[in-house]
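Observations on the three-dimensional arrangement
The lines below spell out each chain.
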Amino acid sequence: QVQLVESGGGLVQAGGSLRLSCAASGRTFSSYAMGWFRQAPGKERELVAAIGWSGGWTRYADSVKGRFTISRDNAKNTVYLQMNSLKPEDSAVYYCAAHQSSSAVVAGKGYWGQGTQVTVYS
């Protein structure tokens, strides 16, 4: 029903920036809450940021608040994660998630993309 494809990952020096994109299929994209998760080696997936279907609410992990910004363009069926002031501890595979329920997205339920690698070096 919903397919998600992440892009924009790569190798970046500490202090640099990246913008991740998540392209979603389906004409009902605007009805889904969206989220970004990340998973580092040996760790579970953790919520990075989430955004409601209307863009009226957002949520960020304390570790990224003030550095990362989630946004969406429903006309393009795309969700973005702007990552600034990157740190080595931000290195992980970043995944896009979608669900009609905002609480389900925060809980890690719903549809998932394949992920995009982000590596921050210093």
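All of these numbers come straight from a predicted model, not from anything done at the bench.

Focus: the state of the cysteines
Under the defined criterion, the tally for this structure stands at 1 disulfide. One disulfide in the model links C22 with C96; its S-S distance is 2.1 Å. Residues C22 and C96 share a disulfide whose torsion about the S-S bond is about -85 degrees; that sign makes it left-handed. Of the two residues, C22 sits in strand β3 (residues 18-24) while C96 sits in strand β9 (residues 92-99), which places them 74 residues apart along the sequence.

Details of the pairing of β3
Most of β3 is tucked away, with 5 of its 7 residues classed as buried. Relative to β3, strand β1 (residues 4-7) is paired through 4 bridges, and the arrangement is antiparallel. Bridge assignment links S7 to a residue of β3, and that residue is S21. Alignment of β3 against strand β8 (residues 78-83), held across 6 bridges, turns out to be antiparallel. Considered in β8, the bridge of L20 is made with L81.

Focus: the sheet that holds β8
For sheets, the rule is that strands pair by backbone hydrogen bonds, running either parallel or antiparallel. Taken in spatial order, the 4 strands line up as β1-β3-β8-β7 in an open sheet, and their pairing is antiparallel. Where the open sheet ends on each side, the last strands, each with one partner, are β1 and β7 (68-73). For this sheet, the mean inter-axis angle between neighbouring strands, taken without regard to orientation, is 15 degrees.

Some details on the pattern of salt bridges
Considering all chains together, one arrives at 2 salt bridges under this definition. We note a salt bridge from D90 to R38, for which the minimum N-O separation is 2.9 Å. In this pair, D90 is assigned in the loop between β8 and β9 and R38 in strand β4 (residues 33-39), connecting sequence segments 52 residues apart. The same class applies to D90 as to R38, namely buried. Residues D90 and R67 are paired through a salt bridge, measuring 2.8 Å at the closest nitrogen-oxygen approach. One end of the pair, D90, is in the loop between β8 and β9; the other, R67, is in the loop between β6 (58-60) and β7, with 23 residues separating them in the sequence. By relative accessible area, D90 is classed as buried at 0%. For R67, a relative accessible area of 10% corresponds to the buried category. Counted as one network, the salt bridges with shared partners bring together R38, R67 and D90.

Cut-offs and rules
- Numbering of residues starts from 1 in every chain and runs along the sequence as written.
- Reporting in this predicted model follows two pLDDT cut-offs: at least 70 for local features of residues, and 80 or more for side-chain atom pairs to be given and counted; totals over whole chains, interfaces and linings ignore these cut-offs and use all residues.
- Just so you know, side-chain values use all the structure's heavy atoms and leave hydrogens and water out.
- We call a pair of cysteine sulfur atoms a disulfide whenever their separation is within 2.5 Å.
- In DSSP terms, a helix is any run of H or I states spanning at least four residues, a strand is any run of E spanning at least two, and both are numbered starting from the N terminus.
- Only protein chains enter the area calculation, which uses a 1.4 Å probe; residues under 20% of their type maximum are buried, those over 50% are exposed, and those in between are partly exposed.
- Here, strands pair whenever DSSP counts at least two bridges between them.
- A fitted line through C-alpha atoms represents every axis, and for helices the fit uses only the stretch in contact; the resulting angles, taken between N-to-C directions, go from 0 to 180 degrees.
- Salt bridges are identified by distance alone: a Lys or Arg side-chain nitrogen within 4 Å of an Asp or Glu carboxyl oxygen.

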